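# Fold and contact review
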Amino acid sequence: MSVISPDALIAADAPEAATATPVRFVGPKGALAPSARTWAERLGFRGKAGEMLVVPDASGGIDHVLVGAGKTFDPMSARALSARLPSGVYRLEAEPEDARVAALAFLLGRYAFDRYKTKERPDVRLVAPDGLDVAEALRIAAACALAREMVDTPPADMGPLQMETIAREIAEAHGASISVVTGDDLLDDNYPAIHAVGRAAAPYRAPRIIEIGWNLDKTDRPLIALVGKGVAFDTGGLDIKSAAGMRNMKKDMGGAAHALALGRLVMQADLPIRLVVLVAAVENAISSDAFRPGDVLQSRKGLTIEIGNTDAEGRLILSDALARAGEHEPDLTLDFATLTGAARIALGPELPPLYTDDEALAADLLAAADAVRDPLWRMPLWPGYRAAIDSDIADVRNDSAAWAQGGSITAALFLQKFAPTTGAWAHLDVFAWNSRGRPGHPEGGEAQSLRAAYAMLKARYGKV
């Protein structure tokens with residue numbers, strides 16, 4: 001599993017810190033020393049966001065580094081530093097709060113998926129700013145790296161079994177319980193929708209439900225359920241995707257990656273809660289045993305589901321996982337899923353929609369998202385569209401009627417039918433992917449809403 005090396009941050013009293021190279025954030029009207037000004041003018045540095053300039057000293061080494069702050073400085077822009085700076089030890093020159101945020105951004109930017117490459121990366125390290133909780137920053141960065149690495153891993157190496165293996169490692173490391181129901185045993189244990197979606201896959205990629213339980217004996221603490229969609233690869237099933245649509249479907253387990261990474265982060269921080277993490281892990285494959293358009297599936301909750309499209313499989317496996325979460329009577333449930341292309345049409349790839357009918361939870365999540373610069377946008381569970389998922393022959397259909405058009409909303413309304421009713425519930429329709437590569441944001445897996453969800457949990461439950 002992915003980790004962020006603790007060597008990425010240098011203590012302020014470490015020997016290397018004394019000779020660290022300053023990194024200065026400068027806007028278009030920022031003051032520069034005369035020598036730096038001459039160098040900046042010669043090389044066209046204007047302090048615009050995204051610009052960087054290495055200023056040499058008299059001996060040909062690096063005196064300091066200028067980073068364009070733009071008109072409004074965003075400390076998260078420091079994600080680009082580890083990808084652009086030469087090897088060395090650096091010190092951020094910024095206001096203390098900005099420096100702490102920028103240090104976390106630097107750690108997030110250190111991620112690179114290089115498992116299958118031999119290219120060496122520059123060794124860029126940072127002096128920890130005053131007041132930074134280094135251990136916490138490293139844990140958060142490692143959680144985001146874990147989610148991204150799981151998404152980036154090719155589907156041949158990240159199937160349902162590999163998700164289970166990661167879950168077992170997390171549970172073992174934190175003294176948590178874990179149970180896994182696999183293959184045809186899903187029918188005996190009443191997970192019929194998960195079984196139906198995953199039954200067409202090869203036996204070694206059999207479907208499964210993974211459940212981690214932590215602190216469950218501490219019944220005086222609130223119970224939080226994290227639920228993740230883990231479609232290791234999505235062909236679309238018999239409603240097969242196009243080649244272009246299938247190309248990046250290794251990322252369709254991004255919800256599971258987020259749930260596992262967030263669960264690990266919660267356990268590492270020892271938040272005073274009880275925790276259940278549920279991952280429905282399947283491959284939506286094509287074979288003579290694949291489920292079909294027109295089929296009616298049973299679900300764990302007892303509701304029947306008419307299949308209108310086999311490529312709307314994520315909500316099917318989540319229906320069983322959410323029903324299982326409800327049996328624990330949680331105080332709060334968060335589900336993460338790469339659920340709909342409609343969410344991208346509505347909000348683009350960088351802004352995940354948030355769905356909840358709980359006003360307090362919505363306010364807390366949005367406040368946390370703003371505070372840690374991990375954006376979310378609330379979308380409506382619009383009751384007028386509920387009729388779009390009505391079925392003539394079953395309790396609900398998995399594809400909404402065309403008249404409703406809002407596919408992300410109707411998918412969330414489908415999940416709402418299966419969500420726990422004992423406490424608040426929120427659904428996060430994440431993209432889990434950077435479509436455009438840039439320094440600090442390589443094309444590939446991305447952690448979205450993970451830091452926001454963790455900040456919300458800490459704010460709500462972080463004190464004993």
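Structure first, text after, so check above.
A brief report on the enclosed structure follows.

Rules and cut-offs
Residues numbered from 1 in each chain as written. Predicted model: local features only at pLDDT ≥ 70, side-chain atom pairs only at ≥ 80, totals over all residues. Heavy atoms only, no water. Helix = DSSP H or I, 4+ residues; strand = E, 2+ residues; numbered from the N terminus. Expected span 1.5 Å × (residues − 1). Buried < 20%, exposed > 50% of the residue type's maximum accessible area, 1.4 Å probe, protein only. Pairing = 2+ DSSP bridges. Contact = heavy atoms within 4.5 Å. Axes fitted to C-alpha atoms, helices over the stretch in contact; angles between N-to-C directions.

## Let's talk about helix H10 (residues 314-327)
In this model, H10 (14 residues) spans 20 Å end to end at C-alpha, consistent with the 20 Å of a helix rising 1.5 Å per residue. With 12 of its 14 residues buried, H10 lies for the most part within the structure. Glu329 occupies a position one or two residues after H10 and carries a positive phi of about 55°.

## What about the sheet that holds strand S7 (residues 177-182)?
As summarised here, the arrangement of the 8 strands in space is S7-S8-S10-S9-S13-S17-S14-S15, forming an open sheet in which the pairing is mixed. The sheet is open, and its two edges are formed by S7 and strand S15 (377-378), each paired on a single side. As paired strands, S7 and strand S8 (residues 208-214) are joined by 6 bridges and run antiparallel to one another. From the neighbouring strand, Ile178 faces S8, where its bridge partner is Ile212. Across the sheet, helix H5 (residues 160-173) touches S7, S8, strand S9 (223-234) and strand S10 (274-284), and the angle it forms with S8 is around 10°. The strands touched by helix H12 (residues 359-372) within the sheet are strand S13 (332-337), strand S14 (353-355), S15 and strand S17 (424-429), with S17 carrying the most contacts at an inclination of about 45°.

## A closer look at the sheet that holds strand S11 (residues 296-297)
Strand order in the open sheet formed by 3 strands is S11-S12-S16, with mixed pairing between adjacent strands. Edge positions in the sheet fall to S11 and strand S16 (396-397), since each has one partner strand and no second. Where S11 lies against strand S12 (residues 305-306), 2 bridges are found, and the strand directions are antiparallel. The residue of S12 that forms the bridge with Leu297 is Ile305.

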